[in-house]
Structure formats: C-alpha cells, structure tokens
Amino acid sequence: MQFASIVILTGAGLSAESGLGTFRGHDGLWDQYNLEEVATPEGFARNPPKVHEFYNLRRGWLKQAKPNAAHLALARLEQEHTGAVLTVTQNIDGLHEAAGSHRLIHMHGELGRALCARCGTSLPWTQDLSLTTSCPVCHKAGFMRPDVVWFGEMPREMPHIAAAIDACDLFVAIGTSGSVYPAAGFVAEARRAGAHTVELNLDPSDCASLFAEAHYGPATEVVPAFVG
Ligand code: BJW
C-alpha cells in the first residue's frame, strides 16, 4: 500500500463475525435495550443495576469471542507498515489487541477496564460489576462503572485522533454506521486534509456519499481483500 500515514476507524460491524452484536439495524443491541437507560450517565445515575446487567452480559460474551480474519488483516497491515498505521476503534471488545494491533486508540473506552466515578481510577477489570463492588483505591462501594464512553461524555484522546486525521493520506472506515459523532465526522475531516477515503462495510453507511472508494460485503472478506 503506497500511503505514508493511514488512519483506520473501526466499528461494531468489524466484530459482528466474531459473534458480538452490532448496535443498530435488525436485531441490534438498541432493539433490545433502551440506549438512554444503559448508555448515558443519566441512565447509570437512575438505575445502576440495569446498566451493570447490560455490561456484565456483554463482558460474558467477550469470553467466547476471538478476533476474526478482518482484525488479523488489520494487525498484519500495522506490522507491514511500521509506524504508519493508527487504528481508532469505537469498539470496547479488545479484539484488535487480541489480533496483535498495538497502535490503537479506544475512543469509546474498554469493557476490560473499570472506572471509579468517585476517585477517577481506571484499572483492568474482568469480573462482573455491581453496586457492592468497591474501588481498590478509594475503597468506596457503589461508584464502579465500566470504563466506556456513554452518550454525552467526551470520547477519549480526541486531540491525538484529530492530529492523526489531519496528517493522514489514507482514511479507512470499517463496519461503522456513521451515525454517532464525533466518529461520524472523521471522514469529512480526512477529506479536508486531502486524504484518500475508503469505506468497507456490509451496507452503505450514513456517510457513504463522502467516501471516494467503497467495498461492500462482510468484513472478513472485504478487509483482507483490501489489505492484500
Ligand atoms: C458489518 C457487518 C459485517 C454489520 N461486516 N460490516 C443530538 C442530541 C444528543 C446528542 C447528540 C446529538 N447530535 C450529536 C450528538 C452527540 C452524540 C451522538 O452522536 N448522537 C447521535 C446518536 C446523534 N455523541 C456523543 O454523545 C459522543 N460524545 C460527544 O459527542 O461528546 C461531546 C461533548 C462535548 C462537550 C462535553 C461533553 C461531551 C459520545 C458517543 C458515545 C457512544 N457510545 C456508544 C456506547 C459505548 C460503549 C458500548 O459499547 O456500550 O458507542 S453507543 C454505540 O454507537 C457504541 C458504538 O461505538 C457507537 C457506534 O456504533 P457503530 O460501531 O457504528 O455500530 P452500529 O451498530 O451503529 O453500526 C454497525 C455497522 O456495521 C453498520 O454500518 C453495518 O452495516 C455494519 N456491519 N455487520 C462489515 N459482518
């Protein structure tokens, strides 16, 4: 691939063939759960057990999930282009690192970490959370939450991401619906920066018209084919 600086944005569609559900569309998680109740700070304040139940269930699914051919192709791309590839993932599932990617930003946090809403400690966490879980640092119970970014919260490492998009000459969005900001705005930023833009998805996303090139099909087919 003849590009000096590549930014890859990934979404739930990348992990669909690893057995993890997407959010929108037929049978998506938002068909089964009200996002206001389980993915907002206000929902957590109103009913923490409901939010814990949602994320404990998904933490359980992760135990079975393995990286698929698309995650592995992206890890290979990073290894073959040392220092040139930055993966920005909206996924909280940890499958990029399981596949061997290292230059990685988890802009919506990580399900494999917990955050104490009282003292701000973030630490690796693989157990279920509940109202009785105590923070190992401040020792208070009732404040531990999954270390993920809910609606109305600021996604992680935004200045780092903005600088990488501004400097990239190839931007590729994979398996994301283009319906959640700020990630949905990245393709417009990449175009402004003069980058070539590519969409890899099962179906055209909400931002499809903004991409210069697109390939539609399951991620396990279109991503390895694109990476080569
Ligand atoms: C396949 C496939 C296969 C399937 N192969 N492809 C108006 C009102 C209120 C708020 C806003 C508003 N307008 C904008 C906002 C902001 C808001 C927002 O965007 N809302 C929209 C809904 C309108 N955004 C935020 O609040 C963000 N924060 C923010 O903006 O902060 C600013 C701020 C400023 C000042 C102070 C404070 C803040 C935060 C957004 C956080 C999103 N969080 C979630 C949950 C994270 C944890 C978790 O996982 O539970 O992130 S929601 C959910 O959506 C999750 C995902 O990362 C995110 C994106 O979803 P994704 O990945 O695109 O998945 P899907 O399901 O949508 O799409 C799947 C795609 O895969 C589809 O295209 C399929 O075709 C494809 N696919 N199978 C290839 N096999």
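Residues numbered from 1 in each chain as written. Predicted model: local features only at pLDDT ≥ 70, side-chain atom pairs only at ≥ 80, totals over all residues.

**Digging into the site of the ligand**
Near the ligand, the surroundings consist of 34 residues, among which Gly11, Gly13, Phe23, Gln90 and Ser177 are the closest. Take the shell around the ligand: its biggest share by element is 3 residues, from helix α1 (residues 12-16). Of the residues assigned to the shell around the ligand, the class counts are 17 nonpolar, 13 polar and 4 charged. Both domain 1 (1-20 + 67-108 + 155-228) and domain 2 (23-64 + 113-148) contribute no fewer than three residues apiece to the shell around the ligand. (Near = placed C-beta within 6 Å. Helix = DSSP H or I, 4+ residues; strand = E, 2+ residues; numbered from the N terminus. Nonpolar A, V, L, I, M, F, W, Y, C, P; charged D, E, K, R; others polar. Domains from an automatic or database assignment.)

**So, the UniProt feature "binding site: substrate" (unreviewed entry) in the chain**
Sequence positions flagged by UniProt for "binding site: substrate" (unreviewed entry) are, in local numbering, Tyr55 and Arg58. Among the structural elements, tyrosine 55 can be located in helix α5 (residues 48-64). Judged by C-beta crowding, with 20 C-beta atoms within 10 Å, tyrosine 55 ranks as buried. With sequence-adjacent residues up to four places away left out, tyrosine 55 is seen in contact with Leu111, Leu129 and Pro146. Structurally, arginine 58 can be placed in helix α5. (UniProt positions renumbered as here; feature names shortened; annotations may be inferred. Buried ≥ 20, exposed ≤ 12 C-beta atoms within 10 Å, placed from the backbone. Contact = placed C-beta atoms within 7 Å.)

**Describing the packing of helix α6 (residues 69-80) against helix α10 (residues 219-227)**
The contact between α6 and α10 brings their axes to 7 Å, and the two run at 20 degrees. Comparing the axis directions of α6 and α10 gives the class roughly parallel. Judged by the twist between their axes, the crossing of α6 over α10 is left-handed. Note on element contacts: α10 touches α6 through Ala219, Thr220, Val223, Pro224 and Val227, opposite Ala69, Ala70, Ala73, Leu74, Arg76 and Leu77. Of the residues contributing to the contact of α6 with α10, the split by class is 9 nonpolar, 1 polar and 1 charged. (Axes fitted to C-alpha atoms, helices over the stretch in contact; angles between N-to-C directions. Parallel < 35°, antiparallel > 145°, perpendicular 65-115°, else oblique. Left-handed = near helix turned anticlockwise from the far one by under 90°.)

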